[in-house]
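# Reading the structure
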Amino acid sequence: RVAAPEASSAKPGVPGVRHIIAVASGKGGVGKSTTTANLALALKANGLRVGVLDADIYGPSIPRLFHVSGRPEPVSGRVLKPLEGYGVKVMSMGFMVEEDTPMIWRGPMVMSALTQMLREVAWGDLDVLVVDMPPGTGDAQLTMAQQVPLSGAVIVSTPQDLALIDARKGLNMFRRVEVPVLGIVENMSYFLCPDCGSRHDIFGHGGARAEAEKLGVPFLGEVPLDMQIRITSDAGTPVVVSDPDGPHARIYRDIASRV
Ligand code: ADP
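Residues numbered from 1 in each chain as written. Predicted model: local features only at pLDDT ≥ 70, side-chain atom pairs only at ≥ 80, totals over all residues.

### Looking at the overall build of the protein chain
A tally of regular secondary structure across the protein chain gives nine helices and twelve strands. For the protein chain, whose C-alpha radius of gyration is 17 Å, the value lies close to the compact-globule estimate of 18 Å for 259 residues. Taking the principal axes of its C-alpha atoms as reference, the protein chain extends roughly 60 × 35 × 35 Å. Counting over 259 residues, the protein chain shows a buried share of 47%. (Helix = DSSP H or I, 4+ residues; strand = E, 2+ residues; numbered from the N terminus. Rg over C-alpha atoms; globule rule 2.2 N^0.38 Å. Buried ≥ 20, exposed ≤ 12 C-beta atoms within 10 Å, placed from the backbone.)

### Observations concerning the packing of helix H1 (residues 32-45) against helix H9 (residues 247-258)
Between H1 and H9, the least distance of the axes is 8 Å, while the angle of their chain directions is 75°. Taken as axis vectors, H1 and H9 run roughly perpendicular relative to one another. Across the interface between the two elements, Asn-38, Leu-39, Ala-42, Leu-43 and Ala-45 of H1 pack against Tyr-252, Arg-253, Ile-255 and Ala-256 of H9. The residue inventory of the contact of H1 with H9, partitioned by class, reads seven nonpolar, one polar and one charged. (Axes fitted to C-alpha atoms, helices over the stretch in contact; angles between N-to-C directions. Parallel < 35°, antiparallel > 145°, perpendicular 65-115°, else oblique. Contact = placed C-beta atoms within 7 Å. Nonpolar A, V, L, I, M, F, W, Y, C, P; charged D, E, K, R; others polar.)

### Re helix H7 (residues 227-234)
Among all positions of H7, only Ile-229, Thr-232 and Ser-233 are buried. Down the axis of H7, the smallest arc covering the buried residues is 100°, so these residues share one side. Opposite the buried face of H7, at more than 90 degrees from it, the exposed residues are Met-227 and Ile-231. Looking at the packing, one finds that the buried side of H7 touches H1, helix H2 (62-65), helix H8 (239-242) and H9. Where H7 ends, the next residue or the one after it, Gly-236, has phi of about 75°, a positive value. (Arc of directions from axis to C-beta.)

### What about the sheet that holds strand E7 (residues 126-132)?
Read across the open sheet, the eight strands follow the order E5-E6-E2-E7-E1-E8-E9-E12; overall the sheet is mixed. In the strand order of this sheet, the two ends are held by strand E5 (83-85) and strand E12 (219-223), each with one partner. Within this sheet the neighbouring strands show an average axis-to-axis angle of 25°, counted without direction. Lying on the sheet, H9 is in contact with strand E9 (181-187) and E12; it crosses E12 at an angle near 170°. (Pairing = 2+ DSSP bridges.)

### Quick word on unusual backbone geometry
The backbone of Tyr-86 sits at a positive phi, close to 55°, despite the residue not being glycine. Tracing the chain through its elements places Tyr-86 in the loop between E5 and strand E6 (88-92). A tally of 21 C-beta atoms within 10 Å means that Tyr-86 is categorised as buried. Look at Glu-178: it is not a glycine, yet its phi comes out positive at around 60°.

### Digging into the nonpolar core
Core analysis: the largest hydrophobic core is formed by 75 residues, its most contacted members being Ile-21, Val-23, Val-130, Val-131, Ala-153 and Val-154. If sequence neighbours within four positions are ignored, Ile-21 has contacts with Val-128, Val-130, Val-131, Ser-151, Gly-152, Val-154, Leu-182 and Val-259. (Core = buried A, V, L, I, M, F, W, Y, C linked by C-beta atoms within 7 Å.)

### Let's talk about the site of the ligand
Around the ligand, a shell composed of 18 residues is seen, among which Gly-31, Lys-32, Ser-33, Thr-34 and Arg-230 lie nearest. For the shell around the ligand, the leading source of residues is H7, giving four residues. Looking at the shell around the ligand residue by residue, the class counts come to five nonpolar, nine polar and four charged. (Near = placed C-beta within 6 Å.)

### Considerations on the UniProt feature "binding site: ATP" (unreviewed entry) in the protein chain
On the UniProt side, "binding site: ATP" (unreviewed entry) is annotated at positions that read Gly-26, Lys-27, Gly-28, Gly-29, Val-30, Gly-31, Lys-32 and Ser-33 here. When residues no more than four places from it in sequence are discounted, the contact partners of Lys-32 are Val-23, Ala-24, Ser-25, Asp-132, Pro-135 and Val-156. Take Ser-33: there are 27 C-beta atoms within 10 Å of it, and that puts it in the buried class. In contact with Ser-33, other than residues within four places in its own chain, are Asp-56, Ser-61, Ile-62, Leu-65 and Asp-132. (UniProt positions renumbered as here; feature names shortened; annotations may be inferred.)

### Topic: the pairing of strand E2 (residues 50-54)
Burial of E2 is extensive: five of the five residues sit out of reach of the surface. Where E2 meets E7, five bridges bridge the pair, whose relative direction is parallel. Counted as the bridge partner of Val-50 is Val-128 from E7.

Rendered as structure tokens:
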């Protein structure tokens, strides 16, 4: 929905990449990476050329979600060729280190790793590069917001008050650095019981929609808490590719069309 921002000397663009969108959450475990993967695949299903940059360098989950592993090969000099999963170009710190290696890095190292993954990767021509941000409002978010011309940010939250408060912090951070907030996704919004068919609002419901209205940002959609989403994500076959005609894929495609 938004125009690509102008590149400037302070925020040079990534050649060939039209839009860079950050997916962020105030805290961990709310389903940010699951949303990133399914949103990216839904954008692809809607006909766009898509890449995913896993900036969650302390807990990279994009390699698992896209079922890709291995080391990216250099194409020329220091520039690496991204790996590919389901037709989406993927780059992650997870490709550079062993899975069990803890990342104990200070801010400046985080920043240089992120800058490298953005600028020293042969992304090619992309309509959208979706960035899975680390949770919170720390160095990585600031680096991205300051050094990259972001078209906008999508905030993922669960309905509970606490998660929402954290999401609000994230939202305010993007506003402070003048990155448009494209909207809020409510994840784990409700549970449809497969046995009794009734709906249970496990973490409450509607909090993110109310919050979006209060903050004057679009509400992008509700994703239920559902076993199929967890199982397919953990198996590296996100629901948008493994069940493209199912109800969850439709929800993610709707979200993608509102971004
Ligand atoms: P984050 O990136 O915010 O830390 P993840 O996307 O890694 O969160 O999700 C955390 C866990 O919750 C994963 O096991 C994931 O499969 C599961 N999960 C995320 N969203 C849903 C959902 N809507 N329904 C069921 N499980 C979910």
